[in-house]
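# Chain and residue survey
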Amino acid sequence: MATNRKEKKRIIIGTRLALFTPIQDLKGIILDHEHAYGWKEEQSPRYDTRRCVELLQKILNISVFFSSPSPSLERRYILRFSTIETPTPSAPPIVIVDLRESFSTGTPYITETLRETIAARDPNDRILLFHNRTGYAGSLACKDCSFVISCPNCALPFTHHKDADGHDLLRCHHCLAIAPAPLVCPSCNGTTLTTHGKGNEQIEKTLRELFPSYKNITLQTYPVLDTLLWDTPGEKPITLIGFIDVLSPLAIPDFKTLDNVYQVLTIARTIASHHRASIVLQTFSPEHPIFDSVTFPAHELEERKKMRYPPFTRLIKLIVKDANADNAQKRCEALSLPFLSPPFTSHPPKRGKYYYWYRLLRVPYGQSLTPIIKKLPQDILIDIDPETLL
């Protein structure tokens, strides 16, 4: 909130760029969805809106409010000695199901528990299911030589889709490249190409076959959850929230992945409590500590402390990019600074014309970054407080 020269109160609502609006006599800032990935700019200048807000708070001595249905672990740690206003909604009924059961029922990824829970609902009920896998299948590979059909730009497996007419199509969800599905293997000319993993398109097909009269079952990816925190006029109440494979994102080797899944679960519990809905969580790891909502944050903070990840140190990601894969790796290996991590490739390893290699530098909080940055070569990119290591 700010006041103009005539002392009229003004409220400015905007994206992260609104933070740089020239405002006289700024009184306060509210940053909603503090946990969201989008507050960090991934292109130069790689600023973190949350840190900019904290800096403005110190400079201008203004009030700052961070709002989130599930605060990030970093924010929880920063405010561990402060008051965090947390609503205490009634806990919704939650059932955790071992996903391995589904492979003996003839309907992989749809367990008997989930099937019976859906069948117990009225066909007109609003049922939300979530699966963080787009497309029809995760990849297309050759059975003869194990060659995986990959994107030429990113060197990652294409996601297998089916278009409206049922034709096979390959898409890269990193660079958005599209290619027709080959009939023979590009490597060995074999004809036994097979798909791996079930995407949303395939699971939707199974659900339509199992529940033909249910018209209000929707299958979404995790980011849609945030939009359901507010009621839409005219929408029916939700009676069931289900996750096909709730821990599938853990296949992504990133230090924030567990926290991201925990936020998804917390938001799902909030929505279910508001609508008085039930939750079914299917997973291959039913004993995972993430399902204990009370103890998990402390458990994960302890793990990050052991690995010297934020919020216990600051990270600087050094980025080397080169049109030649070997040159990118050699330049990254040649970086010489104390306490540098071993070099590792990005995910995907290639983006567009360039290959990317990274190294991490861990810096204690409070230590000045300027002397360190001055020692770095001018031909590398620097990402301070990276949101991801991929």
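Owing to the predicted nature of the structure, the values given are computational and were not obtained by experimental measurement.

## A word on the packing of aromatic side chains
The relative placement of two aromatic rings is captured by the distance of their centres and the angle of their planes. This structure, assessed with the given rule, holds 11 aromatic pairs. Their ring planes at 70° and their centres at 5.5 Å tell us that Phe103 and Tyr109 sit as a pair that is edge-to-face. With centroids separated by 5.4 Å and ring planes inclined at 70°, the aromatic side chains of Phe211 and Tyr214 adopt a geometry described as edge-to-face. For Tyr214, a relative accessible area of 13% corresponds to the buried category. Above the ring of Tyr356, the side-chain terminus of Arg351 is found at 5.5 Å from the ring centroid. Over the aromatic face of Tyr309 sits the side chain of Arg362, whose NZ or CZ is 4.9 Å from the ring centroid.

## Considering the pairing of strand E9 (residues 168-171)
In this sheet, E9 lies alongside strand E8 (residues 159-162) in antiparallel orientation, the contact comprising 4 bridges. From the neighbouring strand, Thr159 faces E9, where its bridge partner is Arg171. What sits between the antiparallel neighbours E8 and E9 is a turn of 5 residues, in which Gly166 has the positive phi angle 85°. Relative to strand E10 (residues 178-180), E9 is paired through 3 bridges, and the arrangement is antiparallel. The partner of Arg171 across the bridge, within E10, is Ile178. In this antiparallel pair of consecutive strands, E9 and E10, the connection spans 6 residues, and Leu176 shows a positive phi of 70°.

## Some remarks on the pairing of strand E15 (residues 314-322)
Along E15, 8 of the 9 residues are buried, which leaves the element largely enclosed by surrounding structure. Here E15 pairs with strand E17 (residues 354-363) via 9 bridges, running antiparallel. When the sheet's bridge partners are listed, Arg314 is paired in E17 with Val363. Where E15 meets strand E18 (residues 381-384), 4 bridges bridge the pair, whose relative direction is antiparallel. Bridge assignment links Ile316 to a residue of E18, and that residue is Ile384.

## Looking at helix H5 (residues 257-275)
Here H5 is 19 residues long and its end C-alpha atoms lie 27 Å apart, about the 27 Å a rise of 1.5 Å per residue gives. Counted residue by residue, H5 has 16 buried out of 19 residues, so it is predominantly covered. Where H5 ends, the next residue or the one after it, Arg276, has phi of about 60°, a positive value.

## Thoughts on the environment of Ser68
Along the polypeptide, Ser68 turns up in the loop between strand E4 (63-66) and helix H2 (73-78). Separated by 32 residues in the primary sequence, Ser68 and Ala36 place their C-alpha atoms 8.6 Å from one another. Once residues within four sequence positions are removed from consideration, Ser68 is found in contact with His33, Glu34 and His35. Among the polar contacts made by the side chain of Ser68, one reaches the side chain of His35 at a distance of 2.8 Å. A polar atom in the side chain of Ser68 sits 3.0 Å from the backbone nitrogen of Ser70.

So, how was this worked out
- Residues numbered from 1 in each chain as written.
- Predicted model: local features only at pLDDT ≥ 70, side-chain atom pairs only at ≥ 80, totals over all residues.
- Heavy atoms only, no water.
- Phe/Tyr/Trp six-rings, centres within 6.5 Å; stacked < 30°, edge-to-face > 60°.
- Buried < 20%, exposed > 50% of the residue type's maximum accessible area, 1.4 Å probe, protein only.
- Lys NZ or Arg CZ within 6 Å of the ring centre and 35° of its normal.
- Pairing = 2+ DSSP bridges.
- Helix = DSSP H or I, 4+ residues; strand = E, 2+ residues; numbered from the N terminus.
- Expected span 1.5 Å × (residues − 1).
- Contact = heavy atoms within 4.5 Å.
- Polar contact = N/O pair within 3.5 Å; in protein donor to acceptor, adjacent residues only side chain to side chain.

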